[in-house]
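Residues per chain are reported as follows:
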Amino acid sequence: MKPGSITSLVARWWPWRGRHLVIGLPYAWLLLFFLAPFGVVLSFSLSQMGSIRPDSLIRYVDGALQLTLRGSNFSNLLSDGLYLNAYASSLRLAFITTMGCLLLGYPFAYFMARAKPVHQPILLMLVMAPFWTSFLLRVYAWKLLLGEGGWLGALLQGAGLDAPLLWLGLIEAPGKYMHTPFSLMLGMLYSYLPFMILPLYAALSKMDLRLIEAAYDLGATPWQTFWRITVPLSRGGIAAGCMLVFIPAVGEFVIPELLGGPRTLMIGKVLWEEFFSNNDWPMACAVAVLLLAIIMLPLAWFNRVQDREASA
Amino acid sequence: MKPSHYQAPLMTAKGRSEPFLRIDAVVKDFGEARAVDQVSLDIARGEIFALLGASGCGKTTLLRMLAGFETPSAGRIVLNGQDLSGLPPYAHPINMMFQSYALFPHLTVWDNIAFGLRRDGLPKAQVSERVEAMLKLVQLQGFAKRRPHQLSGGQQQRVALARSLAKRPQLLLLDEPLGALDKKLREQTQSELLAIIGEVGVTCVMVTHDQEEAMTMATRIAVMGQGRVLQVGAPQDIYETPGSRYVADFIGHVNLMEGHVAEDAPDHVIVQCHDCTHRVGHGITGTLGMPVSVALRPEKIMLSHRPTEAQVNALQGVLESQAYFGSYTVCLLKLASGARLKVSLSNTRRHAEEPFRKGQTVWAHWADDAQVVLTQ
C-alpha cells in the first residue's frame, strides 16, 4: 500500500471515529449513571425487604440459573388506597398545574413573541429573572406574603376574593391562605410558569407571520386565525412546555411540603418516607418504577407530536 | 358570510369607461418616512396590472394597502364602487397570492384551498365541489392529500394560486408571483399562470421588481420610484417611449446621451451631443438650446466596419469589449469623449463573415426614429 493511501485511509477514518466518540460519550454516561442504576432500582423493586443482595434475584441452584421475581411490592402498591391516592393527587396536581401554566403562559408568550423586537430580550430576561434566586427561597417567600400579617394576604382579603375562593374550595376559612389548596396552586403555577413560557415563546417567535396575513386574506377573523393557524403551528411548543411542567410536577415534593395543607399527600412525599422513614427500599423502588411508567405515557405522546411535527 | 365575495367576475367585460379599481391620491406614511406618495391609478376590469419598481419604491406597501394589511394615511381605494378604507383584511373581497406562497404547512393541499371557503361557512358539499374544481384548474387532482413541503416549487405556486382563486375574488393580488422559481421553470409557470388567470377572467394587480416578468405578463405597467408613479402604460409604450431618464434606465438597457436642442422644427429636431449629432424624426415640446437627454436602446444601433456617409445619427468608436449571450452579442464602444456606447447585435447567423475584433475602430449608426428625447 502506498503511503498516500494510508494517509487518506486515516483521514477517512478519523472523522468517523470522532463522530462516534462524540455520540458515544453521552451514551456511555447515560448507560453508566442512568440505565445501570435504573436496573438496580428495578431489581430492588422486584425483591423484598431484608433480601436485597446481588444474588437475591438470580441464583445458581442445582446446576440451573434460577430467577426469583417477587411482584408483591407492586400488588401492595395497587391494592393500598394510600399509594393510589398519592399517585392520583400527584397526577391531579401536575395536570392542573400544567393546564394553569398553559392558560397563563400562552397569552404571555404570544404577546412576548409579537412585541417589538427591541422589547423582546427585556421581556425574556424578566421571565428568567426568578432563576437568579434560589428556588427554595422563592417558595419560602410565599409563606411571608400569604401567611398571617402578609401584605398579599391582606390585599386579597381587601379585594373581596375570599368568597369566590371559599366557594371553589381553595381555602377553608376566610383570611387563611397558607397551607391550603390555594397556596399550593399559587406556588406550583408560580414556580413552573417560566418552563411553559420559554418553549411557547420559542415556537411562537419563529412562526412565519405571513401565514397569519394569508389567513386574514382568506377571510379568517383574528379569533379563527388564532385557533386554526397559530395554535396548530405552535403545537410543538405546547407539547414541550406541557412536558417540562408536567413531568417534574408529578414528582414535586418541596412545594406541597412547604405551601400545601397537612392533608396533601404527594407521591414524592410517599417515596421519601418509604426510603428514609420506613427504610423499605424495595417498596420505595416499586413506587419509583411505577411513577416512571406513569410519566413515560405523556413522553410517548410528546414524541408522537414531535414526529408529526417533523413530517409536517 | 360576505355575499359580495361571491359575485361571479365578468369574464368578457374589458370596458375602460369606468374604472373597476380606483386608487385615489393614496398616501402612506411610516412615521417620518413616506412610503407611498399621492398615487392615483385607475384599473379596468380584466386587466393584469403590474406595479414595477426597485425594492423600497413603495409598490409592496401599495399592494398591502389593497389587501387591507395597511391602512392608507390619506386617499381612497374604491373597488367596484365599494370604498375599502377601514375594512379589515378579512372583509376585503380581494385575495392575494403571497410571495413564496405562505401555504399553511400543517394543512394538506385540499385543506389549504378549502380554508377560505370554510371561513365563509359554506356547506360541505359546496366547499368540496369548489376545491375539486380548483384542483382541476391547476391540474393538481392527485395531490389533494399532500402537505405543501411534499410539493415542488412550481406545484406550491399552483396551490397558492388555487387557494387565492377559490373564493372567486373580485381582485387578485400577486406578490412577486414567479420570484421564488428558478429561471428555467419561470417561463413555463408564467404561461400556465396567464392561461389560468385568463380562464377565470379575474382582474389582477401584481407587484414585481423583475421588468421581464412585468412586460410579459401585464397588460399595463406602472413604474414606481420613491413612492410615486413615474409612468403608466402598456409594456411597449414604457419600453419604446419612456417618459423620463429614470424609466428609460430602469426598463431594459439604454444609452443616455446629454446634449442640447440645436434645431427645433415641427417634423424633426437636431440634438447636439458630445460624440454625435442626433436627428430625431419627430417634433418635441421644447425650446432651442434647452438641455435634453437622448435615450437610445442598444438593439437599435447598427455596427459596421466602414465609415458611413451620414453626418447625423452616426459615430465612430473603438470596440472595447464583447459579451456573447447566444442569441445576441453586446459590444461596448469607447467614444472620443471617453463615454461608452452599448450596442446589441442580433446573432442572425451562426458565424459572421467579418467578425468584429476587440480594439478595432468601428462605425455605429441608427435610424431617426430610434431615439427618444427626454426632458426630465
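Residues numbered from 1 in each chain as written. Chains lettered and ligands numbered in written order. Predicted model: local features only at pLDDT ≥ 70, side-chain atom pairs only at ≥ 80, totals over all residues.

### Comments concerning the overall build of chain B
For clarity, the threshold we go by: The way it works is that DSSP assigns letters per residue, a run of H or I at least four long becomes a helix, a run of E at least two long becomes a strand, and they are numbered from the N terminus. Whether a residue is buried, exposed or partly exposed is read from the other C-beta atoms within 10 Å of its own C-beta, which are placed from the backbone; 20 or more gives buried, 12 or fewer gives exposed, and intermediate counts give partly exposed. With C-beta atoms placed from the backbone, a contact is any residue pair whose C-beta atoms sit within 7 Å.
A count of helices and strands for chain B gives 8 helices and 20 strands. Projected onto the principal axes, the alpha-carbon positions of chain B cover approximately 80 × 50 × 40 Å. Relative to its 376 residues, chain B shows a buried fraction of 38%. Considering only contacts in chain B between residues 6 or more positions apart, those separated by 24 or more positions represent 66%.

### Details of the interface of chain B and chain A
For an interface, size is often stated in terms of accessible area lost upon the parts coming together. Contacts between the two partners involve 17 residues from chain B, matched on the other side by 16 residues from chain A. When residues of the side of chain B that touches chain A are traced back to their parent elements, those giving at least two are β6 (94-97) and α2 (109-119) of chain B. In terms of residues, the side of chain B that touches chain A owes the most to one element, α2(B), which gives 3 residues.

### Things to note about the pairing of strand β3 (residues 48-52) of chain B
All names here are of chain B. Heads up, the rule is: Whether two strands pair depends on DSSP finding at least two bridges between them.
With 5 of 5 residues buried, β3 is to be regarded as a mostly interior element. Burial of β3 is two-sided: the residues I48, A50 and L52 facing one way and the residues F49 and L51 facing the other way are all buried. Here β3 runs beside strand β8 (residues 203-208); their pairing, made up of 5 bridges, is parallel. Its bridge partner lying in β8, I48 is registered against C204. In this sheet, strand β9 (residues 220-225) lies alongside β3 in parallel orientation, the contact comprising 4 bridges.

### Some thoughts on the domain arrangement of chain B
All names here are of chain B. Filter applied, for reference: Domain delimitation in this document rests on an assignment produced automatically or drawn from a domain database. Any residue that is not Ala, Val, Leu, Ile, Met, Phe, Trp, Tyr, Cys, Pro, Asp, Glu, Lys or Arg is counted as polar, Gly included; the first ten are nonpolar and the last four charged.
Each assigned domain of chain B is listed with its residue range as follows: domain 1 (3-245) and domain 2 (253-374). The straight-line distance from the C-alpha centre of domain 1 to that of domain 2 is 40 Å. Tallied by class, residues from the side of domain 1 that touches domain 2 come to 1 nonpolar, 2 polar and 1 charged.

### Observations regarding the environment of B:H209
All names here are of chain B. Residue position: H209 is located in the loop between β8 and α6 (211-217). Judged by C-beta crowding, with 18 C-beta atoms within 10 Å, H209 ranks as partly exposed. Distance in space between the C-alpha atoms of H209 and E320 is 31 Å, their sequence separation being 111 residues. Here H209 is in contact with G53, A54 and S55, once residues within four sequence places are set aside.

### Side note on the pairing of β9(B)
Residues and elements named next belong to chain B. In this structure, β9 lies alongside strand β10 (residues 228-233), joined through 5 bridges in antiparallel fashion. Across the sheet, V223 pairs through a bridge with Q231, a residue of β10. Counting the residues in the hairpin turn of β9 and β10 gives 2 residues, including Q226, whose phi is positive at 50°.

### With respect to the nonpolar core
Which entries qualify depends on this criterion: Any set of buried Ala, Val, Leu, Ile, Met, Phe, Trp, Tyr and Cys residues joined through C-beta atoms within 7 Å is what this text calls a nonpolar core.
Of all hydrophobic cores here, the largest spans 103 residues; its most connected members are B:I113, B:L173, B:V205 and B:V223. In terms of residue count, α2(B) provides more of this core than any other element does, 6 residues in total. Non-local contacts of B:I113, meaning those with residues more than four positions away in its chain, are made with B:V131, B:M134, B:L135, B:V159, B:A162, B:R163 and B:A166. Grouped together as the second largest cluster of nonpolar side chains are 53 residues, A:Y192, A:I238, A:L259 and A:I267 included.

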